[in-house]
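The primary structure of each chain is shown beneath.
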Amino acid sequence: MRLVFLGYPGSGKGTVAGRIQKAYGVPAISTGVILREEIAEGTELGKQVKPQVEGGGLVPDELVARIVEGRLTEDRLRVSGFSLDGFPRTVPQAELLDRYLAGKSAPLHRAIYLEVDKLIILKRLTARRTCRSCGEIYNLITKAPLKPGMCDVCGGALYQREDDQEDALRKRMREYHAQTQPVLHYYQSRNVLSRVDGGGTPEEVFAEVERAVESDPIPRWKLTKFPR
Ligand code: AP5
Ligand code: MG
């Protein structure tokens with residue numbers, strides 16, 4: 001399955017993409033995670049994008065498109081599929097992705113939009129913590145780690161993202177409205193958009209996403225669940 005997740009900052013894209021990866025083996029590719037890793041490692045790319053990422057602005061389209069293309073290996077395009085979280089977030093990015101996938105004869109199956117009320121989002125983001133080592137996402141209210149400040153999966157330290165501070169968060173919301181909202185219309189006009197209520201518990205949201213994928217009017221792909 002070749003999927004895109006869309007939604008406001010904090011709508012749960014990373015959480016649901018992680019669950020799809022665990023349940024179905026569909027690798028999650030998050031441009032935000034990749035960019036933050038580059039910043040943490042102090043690479044040239046990381047230094048270049050740090051002001052935008054930490055300040056809540058957007059990284060240039062061509063740069064982020066190149067990063068994504070680099071992760072779309074033959075295996076992901078043809079065998080395992082992939083989900084993109086945080087890309088595309090402008091119409092030019094969506095067009096670049098479509099052109100790239102068309103060139104590989106591997107078009108997108110679904111773009112899933114997680115609809116969540118803004119008040120819920122603000123609550124989620126102030127309580128979010130992320131593992132510095134493996135990127136596992138926590139929430140002090142809804143998914144607290146077993147030991148405070150420590151990742152249950154790898155024992156890494158948990159931190160609060162720079163761009164979850166108030167000013168950067170406001171900027172991310174503005175960018176979302178101006179640049180990413182039009183991407184919904186783009187996918188709607190191509191008949192691949194599914195709207196999912198992202199305001200429930202993580203289990204409820206995951207179940208809705210599964211339903212959206214499985215109720216595809218043109219079943220373009222069969223997901224195979226890993227045995228639990
Ligand atoms: P990115 O990392 O993509 O940030 P974002 O889009 O703002 O989204 P978030 O990661 O904040 O939220 P999410 O939807 O993943 O929610 P999560 O699952 O964590 O991008 C960061 C920056 O990188 C951008 O601002 C930009 O600078 C740059 N960038 C990235 N991609 C780019 C691109 N394509 N072009 C240009 N620039 C780009 O959940 C949030 C919290 O809620 C967590 O605590 C979680 O545990 C909790 N939670 C999740 N789901 C539920 C639920 N159902 N119920 C209760 N709690 C929940
Ligand atoms: Mg995320």
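About the thresholds
Residues numbered from 1 in each chain as written. Chains lettered and ligands numbered in written order. Predicted model: local features only at pLDDT ≥ 70, side-chain atom pairs only at ≥ 80, totals over all residues. Heavy atoms only, no water. Pairing = 2+ DSSP bridges. Helix = DSSP H or I, 4+ residues; strand = E, 2+ residues; numbered from the N terminus. Core = buried A, V, L, I, M, F, W, Y, C linked by side-chain atoms within 4.5 Å. Buried < 20%, exposed > 50% of the residue type's maximum accessible area, 1.4 Å probe, protein only. Contact = heavy atoms within 4.5 Å. Near = heavy atom within 4 Å. Polar contact = N/O pair within 3.5 Å; in protein donor to acceptor, adjacent residues only side chain to side chain. Areas by Shrake-Rupley, 256 points an atom, 1.4 Å probe, with all protein chains shown as cover. Nonpolar A, V, L, I, M, F, W, Y, C, P; charged D, E, K, R; others polar.

1. Observations concerning the sheet that holds strand E7 (residues 158-159)
Thinking step 1. The strand order across the open sheet built from 3 strands is E6-E5-E7, with neighbouring strands paired in antiparallel fashion. With one partner strand each, in any of the chains shown, strand E6 (137-139) and E7 form the two edges of the open sheet.
Thinking step 2. Pairing of strand E5 (residues 128-131) with E7, which is carried by 2 bridges, proceeds in the antiparallel orientation. Paired with threonine 130 across the strands is tyrosine 159, a residue of E7.

2. Quick notes on the nonpolar core
Thinking step 1. Membership of the largest hydrophobic core comes to 40 residues, with the highest contact counts inside it found for Val4, Leu6, Leu72, Leu84, Leu97, Leu101 and Tyr187.
Thinking step 2. At 7 residues, helix H8 (residues 166-189) tops the list of elements feeding residues into this core.
Thinking step 3. Aside from chain neighbours lying at most four places away, what touches valine 4 is Leu84, Phe87, Pro88, Leu97, Leu108, Arg110, Ala111, Ile112 and Tyr187.
Thinking step 4. Core analysis: the next-biggest nonpolar cluster, separate from the first, contains 17 residues, Leu3, Ile20, Tyr24 and Leu114 among them.

3. Comments concerning the site of ligand 1
Thinking step 1. Around ligand 1 there are 35 residues in total, and Thr15, Thr31, Gly57, Arg128 and Arg172 lie nearest to it.
Thinking step 2. With respect to ligand 1, the backbone of glycine 12 contributes an N or O atom lying 3.0 Å from an oxygen atom.
Thinking step 3. Threonine 15 is positioned such that a nitrogen or oxygen atom in its side chain is 2.6 Å from an oxygen atom of ligand 1.
Thinking step 4. Against a free-state accessible area of 1,000 Å², the protein chains account for coverage of 96% of ligand 1.
Thinking step 5. Listing elements by their share of the shell around ligand 1, those giving two or more residues are helix H1 (13-24), helix H2 (31-41), helix H3 (44-55), E6 and helix H9 (202-214).
Thinking step 6. Examining the composition of the shell around ligand 1, we find that 4 residues originate from one element, H2, more than from any other.
Thinking step 7. Looking at the shell around ligand 1 residue by residue, the classes come out as 12 nonpolar, 15 polar and 8 charged.

4. Quick look at unusual backbone geometry
Thinking step 1. In the segment running from phenylalanine 87 into proline 88, the intervening peptide bond is cis, with an omega of -5°.
Thinking step 2. Within the element layout of this structure, proline 88 appears in the loop between strand E3 (82-85) and helix H6 (91-103).
Thinking step 3. Here the phi dihedral of asparagine 191 falls at roughly 60°; this positive angle occurs in a residue that is not glycine.
Thinking step 4. Accessibility expressed as a relative area gives 61% for asparagine 191, which makes it exposed.

5. Considering the pairing of strand E4 (residues 110-115)
Thinking step 1. Judged by how many residues are buried, E4 sits mostly within the fold: 5 of 6 residues are covered.
Thinking step 2. Both strand E1 (residues 2-6) and E4 contribute to a ladder of 4 bridges, which runs parallel. What sits directly across from valine 4, in E4, is alanine 111.
Thinking step 3. Strand direction decides the pairing type here: E4 and strand E8 (residues 193-197), joined by 5 bridges, are parallel. Among the inter-strand pairings, leucine 114 is bridged to a residue of E8, identified as valine 196.

Any link to function would need more than the numbers given here.
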